[in-house]
Amino acid sequence: MSHGEPESFVRKYIFSVDHKVIAKQYMITGLFMALLGGFLAYALRSQLAWPGDSIVGLGVIAPHAYNSVVTLHGTIMVFWVAMPILVAGFGNLLVPLMVGAEDMAFPRLNMLSYWVFFLSTIVIIASFFVPGGAAGGGWTAYPPLSGTVHASGVNWGMNLWILAVALEFVAFLIGGINIITTGINMRVPGMSMWDLPLFVWEELIASIVFLLAVGPLIAGAVMLLLDRSFGTGFYAPSAGGDPLLFQHLFWFFGHPEVYVLLLPALGIMGEVLCAFSRKTIFGYRTIVWSVISAGLLSFVVWAHHQFVSGLDPRLAFPFSVTTILISVPFAVHLFAFIATLYKASIRFTVAMAFTLAMIALFMIGGVTGVINGSAAADIFIHDTYFVVAHFHYTLVPIVFFATFSGIYFWYPKLFGRLMNEGLGWVHFAGTFFFFNLTFIPQFALGLMGHHRRIANPQIFEFLRDGQGLQVLSTIGVIGLLAAQVPFVYNFFASMVRGKPAGRNPWEATTLEWATASPPPHGNFDEPQTAYRGPYVYSPPGEGPDWIPQFEPPAEALEPDTAISETAS
Amino acid sequence: MTNSAIIEQPMETATELPNSRMAIWWFLASEVAIFGGLIVAYVLVRLHHPEWGEYASHTINAAGAINTMVLLTSSLAVVLAHQAVEEGKLEKASKLLLTTVAFGLVFLAIKAYEYTHELHAGFTPVTNLFWSFYYLMTGLHGLHVVGGMIAMIAVSRSVRRGEHSARVECVGMYWHLVDIVWIFLFPLLYLAS
Amino acid sequence: MLDFLPENISSFGGEIDGVITYIWRIILAWLVATEAVLVYLLVRYRRREGRRAAWLPATTWRAKAWILVPAVFVTICDIGIEARSAPVWDEVKLELPEPDLLIRVTGRQFVWTFTYAGPDGELDTADDFEAITDLYVPRDRVVRFQLESADVLHSFWVPVLRLKQDAVPGRSIPGWFEATADGRYEIACAELCGASHTAMRGRLTVQPPEIFDAWSSTMAEQQSL
């Protein structure tokens, strides 16, 4: 399995099989796409605040172009930002390091999955430039709008959209199998499944959920492409097909997908939380079981996206029940995080601030989801900005707050240095403030009845009073984008100017801190062994307030509780 | 362990399952999800269309039945190939894999005959939704057969050279899945009326 | 925040607003309590020289109770919410009352069409008549509609009626409402339906029954000519 360090530039930095290089490739591609997705957010928010005006940097947006902007904003943020950064980027960087492996189980397959993903990125960007414009059927791509050319006027834009998403699924299927195999099979001696860091657990469950949920949508996407290109009628009522079939296939994947993104984010937070509260995680096994049960439940909630879609109304009750019940494992999970802070010794770093803010904000997203989950309330709330605000209050903390937390925390393992904390605090304060400024007004707009994906709310009398809120929200998104400037500068400048980090700058316990920063090719100087659970912070008695997983026990000093409590 | 010299020793893993076997299990799980989604979609749509029974009667049951036998027999050849690897008879394993490939070719030839016959009779993928599903599902399955054959030719060559003998098991498991999927497709598309 | 809800003029709208208000109060209480605990812990247990964090892995049920008991309360609230919400859903979407008036609502890129059953009370007969964009209904009468689509998905969205239902090509989806106040209101399409999705705007006019009846007879006569 071992492979020597490659010499040439191309093998080392471009077609590399090293999981850390591939992780950086995923992350940087994802961050680049985040800028694109952010620009689209700016474009659509500007149109909503000042309909019909020329937008700085883009000009006037025509109504069909607005649909493309909305569609591609959603698609890119979910499939080309969240997935590559959270699942593939952090997964690639951390899973092998945390289990003490020298690389992924299948390094060449790993490289292949990145380049398939890269190809999908090219395809989705290319879709902006084809005649007829980019896909405009929403990120959910419901047929018949997406299923025929004449319904939307978009031909190649939609075909390329389907192709790009399909390629992306293939990339993450291969990548997911690799991550699962690595996490389960490549653990160092001494590391049982119950000694895995939470991040690895959550990444594993996320990858498994993705792998099992995406299949039906792959079949569904093939049918959509056949409908468009060859005139089959899978979704055409005139041919005996049913548009709702696609919705089922889409949301059978689409809802679990939310958890595919959420779980790695929670994993990142778990690591950061323990390291900076200097405290072991509260209820390790309880958390793992809550994640497993949430993963299982996620397969039986999908139709809550379809309460008013024409679904048999009798199905609303069972899906409403499962939906509201899935709040329970996540409540347990968040309560465990909060309980971890009890009697802690909290070090406020930028990474910790993002994690704590993620908890605080995600709860807003979580509780507002209960309103959507009630079928009766959903009659009013469905397809309004209330839903938009709700899922941004879940997804922005997941995708951005957790990612930032992880980047500030593991930057040493990426580039060997620390990021600048001062700039980091500016970044945090700006992001936190402007995020809330962007989305709180949208809750109010949603309650006014503002429906989604309209290019000009002013033509509706009942929305005219909301124009002030629209402007506020748009100022928020502009501020949110501006707040990323110090981060982008910090990210690149710290590669050369950052303070050298050393092996374990945060005095953390998991295996990635056993090796140099950045880890060399092959990761560890010598084979590692896990001697205890992942979070032995502040064990009873005197001595240092952390005992790493990789530190051999010094017979006399080792408190018994340290091993047995987390491992049993 | 008399054959340890020629049999590839899998890397030691935490679960004692070789990485390749674990990965192929998860890969098969994702394949099951794809075909499972397709089959469930087909069944649900069909429940609303009792008239599909009549369309299904235009499929060639005999050809489908023969193909079922062909695939089952080919699966036996793969099992024997795996057994031969365990016994260290790599040459034999390689030949058995090529036998499987030959059965795959027979399957595709019969399938091609069916398609030709059906297209000539005027049943194209856009005739109606039943035929759309028929061509989509058998076509996707056929692509999996082709993929399996290509993989088996590659593995057959490397096994002959004494390399990657563990891969025989992987292609074998994949081939069983292709077989099992067919066992679901045959009654659903040909027989049910 | 709930003050932002638009005026309600439907017989069941109050029920839906009631569910929203009920859930809103529960989640607000949870949110405030949890955020307060979080902030308290952050202040109380910030780093202090010489203070060591406690060792609380929560391996015993007694310790786990600190998170499981609140989760049980979450479950109880969930059940309460579902119990409050399910009957309202049934009333609006499942139990269709006997109609006084039957209409077919058809979504089409990018206009709403309303087909009235006419004097005989049945659709697809000679005395049907159509109104485009403008929906006229009598006050305090049960209106049954059959929602259909001629092309892509649409969603029949009348905020003041608390009414939303997707229109799906190939299906005729039944629904109902009863408007309780005269006036002119707006209808929108809430499901992305193409380039002019935004412009798919209709008007709802609720009239006293006698005025509506007069309008209705005139329309029936005109269109039968």
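Residues numbered from 1 in each chain as written. Chains lettered and ligands numbered in written order. Predicted model: local features only at pLDDT ≥ 70, side-chain atom pairs only at ≥ 80, totals over all residues. Heavy atoms only, no water.

Examining the overall build of chain A
Thought 1: Each helix and strand counted, chain A has 19 helices and zero strands in total.
Thought 2: Radius of gyration (C-alpha) of chain A: 24 Å, near the 24 Å computed for a compact globule of 568 residues.
Thought 3: Considering only C-alpha atoms, chain A reaches an extent of 75 × 50 × 50 Å along its principal axes.
Thought 4: The buried share of chain A, reckoned over its 568 residues, is 70%.
Thought 5: Taking as baseline every contact in chain A between residues at least 6 positions apart, the subset at least 24 positions apart corresponds to 79%.
Thought 6: For chain A, the computed accessible surface area is about 16,800 Å², with 71% contributed by carbon and sulfur atoms.
Thought 7: Averaging the locations of the 23 positively and 31 negatively charged side chains of chain A gives two centres separated by 5 Å. (Helix = DSSP H or I, 4+ residues; strand = E, 2+ residues; numbered from the N terminus. Rg over C-alpha atoms; globule rule 2.2 N^0.38 Å. Buried < 20%, exposed > 50% of the residue type's maximum accessible area, 1.4 Å probe, protein only. Contact = heavy atoms within 4.5 Å. Areas by Shrake-Rupley, 256 points an atom, 1.4 Å probe, with all protein chains shown as cover. Lys, Arg positive; Asp, Glu negative; His and termini not counted. Charge placed at Lys NZ, Arg CZ, Asp CG, Glu CD.)

Some points on helix H6 (residues 167-191) of chain B
Thought 1: Taking 1.5 Å as the rise per residue, H6(B) with 25 residues should run 36 Å; its terminal C-alpha atoms sit 35 Å apart, in good agreement.
Thought 2: At B:Leu185, H6(B) shows its largest kink, close to 30°, and the proline B:Pro187 lies no more than four residues downstream. (Expected span 1.5 Å × (residues − 1). Bend = angle between axes of the 7 residues up to and from the residue.)

Overview of the packing of helix H14 (residues 385-415) of chain A against helix H18 (residues 485-497) of chain A
All names here are of chain A.
Thought 1: With their axes 11 Å apart at the nearest point, H14 and H18 run at an angle of 15° to one another. Considered as vectors, H14 and H18 are oriented roughly parallel to each other. In the packing of H14 onto H18, the handedness of the crossing is right-handed. Judged by residue contacts, Phe-404, Ile-407, Tyr-408, Tyr-411 and Phe-415 of H14 engage Phe-487, Asn-490, Phe-491, Ser-494 and Met-495 from H18.
Thought 2: Residues of the contact of H14 with H18, tallied by class, amount to eight nonpolar, two polar and no charged. (Axes fitted to C-alpha atoms, helices over the stretch in contact; angles between N-to-C directions. Parallel < 35°, antiparallel > 145°, perpendicular 65-115°, else oblique. Left-handed = near helix turned anticlockwise from the far one by under 90°. Nonpolar A, V, L, I, M, F, W, Y, C, P; charged D, E, K, R; others polar.)

With respect to empty space enclosed by the protein
The rolling of a water-molecule-sized probe over the atoms marks out the regions of remaining empty space.
Residue and element names in this part refer to chain A.
Thought 1: Evaluated as defined, the whole model comprises six cavities of 30 Å³ or more.
Thought 2: The computed volume of the largest cavity comes to approximately 90 Å³.
Thought 3: Considering the residues around the largest cavity, the lining is formed by 14 residues, among which Val-87, Phe-172, Gly-175, Gly-176 and Ile-179 are closest to the centre.
Thought 4: Counting only elements with at least two residues in the lining of the largest cavity, the list comes to helix H3 (63-99), helix H4 (107-126), helix H6 (156-185) and helix H7 (198-230).
Thought 5: A breakdown of the residues in the lining of the largest cavity according to their chemical character gives eight nonpolar, six polar and no charged. (1 Å grid on protein atoms, 1.4 Å probe; cavity = no way out; pocket = protein on both sides within 12 Å on 5 of 7 lines; lining within 4 Å. Points joined across faces, edges and corners; volume = space filled by probe spheres on them.)

Considerations on the domain arrangement of chain A
Interfaces are often described in size by the accessible area the parts lose on coming together.
All names here are of chain A.
Thought 1: Assigned domains of chain A: these are domain 1 (12-196) and domain 2 (509-568).
Thought 2: Between the C-alpha centres of domain 1 and domain 2 the distance comes to 36 Å.
Thought 3: Of the roughly 1,300 Å² buried where domain 1 meets domain 2, counting both sides, 58% is carbon and sulfur surface.
Thought 4: Across the domain 1-domain 2 interface, the total number found is eight residue pairs in polar contact (both at pLDDT 80 or more).
Thought 5: Elements that contribute at least two residues to the side of domain 1 that touches domain 2 include exactly helix H2 (19-49) and H3.
Thought 6: If you tally residues by element for the side of domain 1 that touches domain 2, the top one is H3, at four residues.
Thought 7: Class assignment for the residues of the side of domain 1 that touches domain 2 results in ten nonpolar, three polar and five charged. (Domains from an automatic or database assignment. Buried area = accessible area lost by both parts, 1.4 Å probe. Polar contact = N/O pair within 3.5 Å; in protein donor to acceptor, adjacent residues only side chain to side chain.)

With respect to the pairing of strand S3 (residues 129-132) of chain C
All names here are of chain C.
Thought 1: Of the two faces of S3, only one is covered, namely that formed by Phe-129 and Ala-131; the face formed by Glu-130 and Ile-132 stays uncovered.
Thought 2: Where strand S2 (residues 111-116) lies against S3, four bridges are found, and the strand directions are antiparallel. Residue Phe-114 lies in a different strand from S3, and its bridge partner there is Ala-131. (Pairing = 2+ DSSP bridges.)

Topic: the pairing of strand S10 (residues 202-207) of chain C
All names here are of chain C.
Thought 1: In terms of burial, S10 is a largely internal element, five of the six residues being buried.
Thought 2: Both strand S4 (residues 134-138) and S10 contribute to a ladder of five bridges, which runs parallel. Residue Leu-135 lies in a different strand from S10, and its bridge partner there is Leu-204.
Thought 3: Pairing between strand S9 (residues 183-189) and S10: five bridges, direction antiparallel. For Ile-187, the partnering residue across the bridge sits in S10 and is Gly-202.

Re a positive patch on the surface
Thought 1: Taken together, the side chains of A:Lys343, C:Arg44, C:Arg46, C:Arg48 and C:Arg51 present a region of like positive charge at the surface.
Thought 2: Positionally, C:Arg51 belongs in the loop between helix H1 (13-44) and helix H2 (61-94).
Thought 3: For C:Arg51, a relative accessible area of 31% gives the class partly exposed. (Patch = residues over 30% accessible without salt bridge, like charges linked within 9 Å, V, L, I, M, F, W, Y side chains within 5 Å. Salt bridge = Lys/Arg side-chain N within 4 Å of Asp/Glu carboxyl O.)

Focus on the side chain of C:Thr205
Residue and element names in this part refer to chain C.
Thought 1: Following the sequence through the fold, Thr-205 ends up in strand S10.
Thought 2: Residue Thr-205 is classed as buried on the basis of its relative accessible area, which comes to 7%.
Thought 3: There is a polar contact of 3.2 Å between the side chain of Thr-205 and the side chain of Arg-184.
Thought 4: Dropping the residues within four chain positions of it, Thr-205 is found in contact with Asp-134, Leu-135, Tyr-136, Val-137, Gly-183 and Arg-184.

Quick look at the interface of chain C and chain A
Thought 1: Counting residues at the interface gives 81 residues for chain C, matched by 105 residues for chain A.
Thought 2: Counting each side, the surface lost to burial between chain C and chain A is near 7,800 Å², with a carbon and sulfur contribution of 71%.
Thought 3: The three residues of chain C that bury the most area against chain A are C:Arg52, C:Trp55 and C:Trp89, which together make up 11% of that side's buried surface.
Thought 4: Summed over the shared surface of chain C and chain A, the result is two salt bridges.
Thought 5: A:Glu461 is the salt-bridge partner of C:Arg201, the closest N and O atoms lying 3.5 Å from each other.

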